[in-house]
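The primary structure of each chain is shown beneath.
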Amino acid sequence: MSTAQLVVQHLPYLRRYARALTGSQIAGDAYVAATLETLVSEPETIGPSGNVKVELFQVFTRIWNSLSVNGRSELIQRDLPAEVRLGQITPLPRQAFLLSCLEGFSEDEVGQILGSHVATVRDLVDEAGRELAADMATDILIIEDEPLIAMDLEALVESLGHNVTGIARTRTEAVKLASVKRPGLILADIQLADGSSGLDAVNDLLKAFEVPVIFITAYPERFLTGERPEPAFLIAKPFQPANVSAVISQALFFQQSARRREVRASA
């Protein structure tokens, strides 16, 4: 398999990471596009004998930390919902946290991507975990039709200090539960028990209020094509508890950061 083919194979995961890091499809994909442009102009950056995925994420990290792309952030973010309009780069600890907990890179690989020692990576991940966990408890609605998965998600969410407002198996149940108590975050499967769609259920709810949404699906590649509006936060089944924890923390971090900025702006 050629280097180009290997890069294409890893692109869905780079796009997932970029979205979690920026909080949106538009901004995340803009950084991925800039990464691909760099690879076209500097093909020697990724070698056939190296770890293509690690080297791809290294290039992305260089672009992410570059002033030339970050200077476009205001233009990119102008059309985004308020909860993801961030005017600054996500700090290094959160990069380490997502690379480790969401993307599953080893400590050595995270160190290579970020240009840090393993001991530093451990400190960064611990620091991010403490920061993201602070003052983020919220009410979470779970939309999931498989009972065992729903139970696992409920236990995980509660272990993180959150409260589960209810578990919906269908689009109709989701709307009903949300009308009783508005959640602070939604965890939603995409294919539901009665043939309805978690995407449709979420769209129904977002007509009434804005809230962070994390989709969980066995087929993430279907929603990482760039051909349509896609979820900013996406977790693949079977999921690891650390992945769910990382994405929940990141989604709530973006929401609370936006609220703090809105308060400062109105003061």
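The chain carries the name Response regulator in an unreviewed UniProt entry, which gives Microvirga terricola as its organism.

Draft legend 1. Broad picture of the packing of helix α1 (residues 3-22) against helix α2 (residues 25-41). The geometry of α1 relative to α2 is characterised by a closest axis approach of 8 Å and an angle of 140 degrees between their N-to-C directions. Taken together, the axes of α1 and α2 are oblique relative to one another. The interaxial crossing formed by α1 with α2 has right-handed handedness. Contacts between α1 and α2 involve Val7, Leu11, Leu14, Arg15, Ala18, Arg19 and Thr22 on the former and, on the latter, Gln25, Ala27, Gly28, Asp29, Tyr31, Val32, Thr35, Leu36 and Leu39. Tallied by class, residues from the contact of α1 with α2 come to 9 nonpolar, 4 polar and 3 charged.

Draft legend 2. Inspection of unusual backbone geometry at higher detail. Cis rather than trans, the peptide bond between Lys237 and Pro238 has omega equal to -10 degrees. Take Pro238: it is sitting in the loop between β5 (234-236) and α12 (241-266).

Draft legend 3. Inspection of the UniProt feature "modified residue: 4-aspartylphosphate" (unreviewed entry) in the chain at higher detail. On the UniProt side, "modified residue: 4-aspartylphosphate" (unreviewed entry) is annotated at positions that read Asp189 here. Relative accessible area serves as the criterion here: at 6%, Asp189 is assigned to the buried category. Apart from the residues lying within four places of it in its own chain, the contact partners of Asp189 are Ile143, Glu144, Asp145, Gly198, Ile216, Thr217 and Lys237.

Draft legend 4. Geometry of the sheet that holds strand β1 (residues 139-143). Read across the sheet, 5 strands follow the order β2-β1-β3-β4-β5 without closing on themselves; strand pairing throughout is parallel. Both outer strands of the open sheet, β2 (163-168) and β5, are each paired with one neighbouring strand and no more. Averaged over all adjacent pairs, the angle separating strand axes in this sheet is 20 degrees, with direction ignored. Here β1 runs beside strand β3 (residues 185-189); their pairing, made up of 4 bridges, is parallel. Paired with Leu141 across the two strands is Ile186, which belongs to β3. Sheet strands touched by helix α10 (residues 171-180): β1 and β2. Its angle to β2, the strand with the most contacts, is close to 150 degrees. Against the sheet, helix α11 (residues 198-206) makes contact with β1, β3 and β4 (213-217), and its axis sits at roughly 170 degrees relative to β4, the strand it touches most.

Draft legend 5. Structural view of the side chain of His162. By the element assignment, His162 lies in the loop between α9 (147-159) and β2. Polar contacts involving the side chain of His162 include one to the main-chain amide nitrogen of Thr138, which spans 3.1 Å. Beyond its immediate sequence surroundings of up to four residues, His162 is in contact with Met136, Ala137, Thr138, Ile140, Val157, Ile248 and Leu252.

Draft legend 6. Spotlight on the side chain of Thr35. Residue placement: Thr35 occurs in helix α2. For Thr35, the side chain forms a polar contact with the main-chain oxygen of Tyr31, separated by 2.9 Å. Aside from chain neighbours lying at most four places away, what touches Thr35 is Leu14, Leu56, Val59, Phe60 and Ile63.

Draft legend 7. Spatial organisation of the pattern of salt bridges. Taken as a whole and judged by the stated rule, the model has 11 salt bridges. A salt bridge links Glu107 to Arg122, with the shortest nitrogen-to-oxygen separation between them at 2.9 Å. Of this pair, Glu107 sits in helix α7 (residues 107-114) while Arg122 sits in helix α8 (residues 118-133), placing them 15 residues apart in sequence. Judged by its relative accessible area of 33%, Glu107 is partly exposed. The class of Arg122 is partly exposed, set by a relative accessible area of 44%. Lys237 is paired through a salt bridge with Glu144; the nearest N and O atoms lie 3.2 Å apart. Here Glu144 lies in the loop between β1 and α9 and Lys237 lies in the loop between β5 and α12, a separation of 93 residues in the sequence. For the pair Lys237 and Glu144, one class covers both residues: buried.

Draft legend 8. Broad picture of the packing of aromatic side chains. Across all of its chains, the model carries 6 aromatic pairs by this definition. When the centroid spacing of 6.4 Å and the interplanar angle of 65 degrees are considered together, the rings of Tyr31 and Phe60 count as edge-to-face. With a gap of 29 residues between them, Tyr31 in helix α2 and Phe60 in helix α3 (residues 52-64) connect regions that are remote in the sequence. For the pair shown, Tyr31 and Phe60 are each scored as buried. Aromatic pair Phe57 and Phe105: ring centres 4.9 Å apart, planes at 70 degrees, arrangement edge-to-face. You can see Phe57 sitting in helix α3 and its partner Phe105 sitting in the loop between α6 (92-101) and α7, a full 48 residues away along the chain. In terms of burial, Phe57 and Phe105 fall into one category: buried. An aromatic cluster of three or more residues is present, and its members are Tyr17, Tyr31, Phe57, Phe60, Trp64 and Phe105. The ring of Tyr13 carries Lys53 above its face, with NZ or CZ at 5.0 Å from the centroid. Residue placement shows Lys53 over the ring face of Phe105; its charged tip is 5.2 Å from the ring centre.

Here is what the cut-offs are and how they apply
Residues numbered from 1 in each chain as written. Predicted model: local features only at pLDDT ≥ 70, side-chain atom pairs only at ≥ 80, totals over all residues. Heavy atoms only, no water. Axes fitted to C-alpha atoms, helices over the stretch in contact; angles between N-to-C directions. Helix = DSSP H or I, 4+ residues; strand = E, 2+ residues; numbered from the N terminus. Parallel < 35°, antiparallel > 145°, perpendicular 65-115°, else oblique. Left-handed = near helix turned anticlockwise from the far one by under 90°. Contact = heavy atoms within 4.5 Å. Nonpolar A, V, L, I, M, F, W, Y, C, P; charged D, E, K, R; others polar. UniProt positions renumbered as here; feature names shortened; annotations may be inferred. Buried < 20%, exposed > 50% of the residue type's maximum accessible area, 1.4 Å probe, protein only. Pairing = 2+ DSSP bridges. Polar contact = N/O pair within 3.5 Å; in protein donor to acceptor, adjacent residues only side chain to side chain. Salt bridge = Lys/Arg side-chain N within 4 Å of Asp/Glu carboxyl O. Phe/Tyr/Trp six-rings, centres within 6.5 Å; stacked < 30°, edge-to-face > 60°. Lys NZ or Arg CZ within 6 Å of the ring centre and 35° of its normal.

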